[in-house]
Amino acid sequence: MRKTYSNENDKLLLTIKDACQITGLCYNTMRKVLNEPSCTFKKKIGNRVYIYKPKFKKWLEKGI
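The shown structure was predicted, so the numbers you read here are calculated from the model rather than taken from an experiment.

Along helix α2 (residues 27–35), the residues that are buried comprise Met30, Val33 and Leu34. An end-on view of α2 places all buried positions within 95 degrees of arc, on one side of the element. With respect to the buried face of α2, the exposed residues turned more than 90 degrees away are Asn28, Lys32 and Asn35.

Take a look at the structure:
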């Protein structure tokens, strides 16, 4: 059985656009952050890039 998410807070993986809305950064800036080798919250699934929310939140708390 597949779990459906009714709330944004339930998601473990965010899209780049979701992360842009959370941080206020533009799409291109977020892509640059994700392409850095020190980025620990990027998850690739096929050709798609997602952001692992728990690690992303820790990164935000530490400071952009």
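Back to the text.
This part takes up the pairing of strand β3 (residues 48–52). Pairing of strand β1 (residues 13–14) with β3, which is carried by two bridges, proceeds in the antiparallel orientation. The residue bridging Leu13 from the neighbouring strand is Tyr52, located in β3. Counted between consecutive antiparallel strands, the loop separating strand β2 (residues 42–45) from β3 contains two residues, among which Gly46 sits at a positive phi close to 70 degrees.

Definitions and cut-offs
- Residues numbered from 1 in each chain as written.
- Predicted model: local features only at pLDDT ≥ 70, side-chain atom pairs only at ≥ 80, totals over all residues.
- Heavy atoms only, no water.
- Buried < 20%, exposed > 50% of the residue type's maximum accessible area, 1.4 Å probe, protein only.
- Helix = DSSP H or I, 4+ residues; strand = E, 2+ residues; numbered from the N terminus.
- Arc of directions from axis to C-beta.
- Pairing = 2+ DSSP bridges.

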